[in-house]
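In case you want the letters, here they are:
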Amino acid sequence: MLRGLATLAAAAAGVIFASSPASAAGTWQPGGYLGESNWYCSNPKTHSVSDHVQYRGCLVTNRSGGAQIALVATLNTTKAVDISGALNSSFGSSAFCTKERYLGQYSLICYSPTRPVGVCDALTGDTSMIVNGVSNYTRTGTRPRPAACDNA
């Protein structure tokens, strides 16, 4: 009986992990926004808690027909701050960025999982940058529906 339960648990874990994306969704990673053409970002905003925390929400598409949301944070702090975030999209990709403490200068990105999207889909997302428990909202840039899709 125990062996059967162990096999069932292992199979369930395999299904859960097999359906997860290969990226480290929901964790802060070093990096910044570089102005790539497949990134649709909001203008940078200064967080209400600190003039030394800037952020922007981005919709990121790839050539393989996938998209995800990114929250980009730039920190230049002299006091430690706790940051986290929430990401949501119009195409079923969402994530919560883990709460972490930072002090100093950092450029960080947190991604939602990549999801398949259609060529003719209009895409957008929402992000919340949370600093010391205070949430500031921004909408990502939008990938509009291509005009060629209206003529099909």
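Model, not experiment: these values are computed from the prediction.

## Notes on the overall build of the protein
A count of helical and extended segments in the protein gives 2 helices and 11 strands. Looking at the protein as a whole, 38% of its 152 residues are labelled buried. Per element, the accessible surface of the protein, about 8,600 Å² overall, is 56% carbon and sulfur.

## Concerning the confidence of the model for the protein
Across the protein, pLDDT averages 85, with 84% of residues at or above 70. Within the model, pLDDT remains below 50 along residues 1-22, and this stretch shows 2 contacts once partners closer than five positions in the same chain are excluded.

## Overview of the pattern of salt bridges
Taken as a whole and judged by the stated rule, the model has 3 salt bridges. Between Asp126 and Arg139 there is a salt bridge, and its shortest N-O distance comes to 3.4 Å. In this pair, Asp126 is assigned in strand S10 (residues 125-131) and Arg139 in strand S11 (residues 134-139), connecting sequence segments 13 residues apart. Exposure remark for Asp126: the relative accessible area of 22% places this residue in the partly exposed category. Overall, the relative accessible area of 41% leaves Arg139 in the partly exposed class.

## Structural notes on the state of the cysteines
Inspection of the entire model under this criterion finds 3 disulfides. Disulfide partner of Cys97: Cys110, at an S-S distance of 2.2 Å. Where Cys97 bonds to Cys110 through sulfur, the torsion about that S-S bond is close to -105°, and the disulfide is left-handed. Of this pair, Cys97 sits in strand S7 (residues 95-102) while Cys110 sits in strand S8 (residues 105-111), placing them 13 residues apart in sequence. For the pair shown, Cys97 and Cys110 are each scored as buried. At a sulfur-sulfur separation of 1.9 Å, the disulfide partner of Cys120 is Cys149. What sets the handedness of the Cys120 and Cys149 disulfide is the S-S torsion sign, and at about -85° it is left-handed. Note that Cys120 is positioned in the loop between strand S9 (115-116) and S10 and Cys149 in helix H2 (residues 147-150), a separation of 29 residues in sequence. Note on Cys120: relative accessible area 30%, which makes it partly exposed. With cysteine numbering restricted to those in disulfides and following the sequence, the protein has the pairing 1-2, 3-4, 5-6.

## Concerning unusual backbone geometry
Residues other than glycine seldom take positive phi values, yet Asn132 does so here, at roughly 50°. Among the secondary structure elements, Asn132 is positioned in the loop between S10 and S11. By relative accessible area, which is 40% here, Asn132 ends up partly exposed.

Procedures and definitions
Residues numbered from 1 in each chain as written. Predicted model: local features only at pLDDT ≥ 70, side-chain atom pairs only at ≥ 80, totals over all residues. Heavy atoms only, no water. Helix = DSSP H or I, 4+ residues; strand = E, 2+ residues; numbered from the N terminus. Buried < 20%, exposed > 50% of the residue type's maximum accessible area, 1.4 Å probe, protein only. Areas by Shrake-Rupley, 256 points an atom, 1.4 Å probe, with all protein chains shown as cover. pLDDT = per-residue confidence, 0-100. Contact = heavy atoms within 4.5 Å. Salt bridge = Lys/Arg side-chain N within 4 Å of Asp/Glu carboxyl O. Disulfide = S-S within 2.5 Å.

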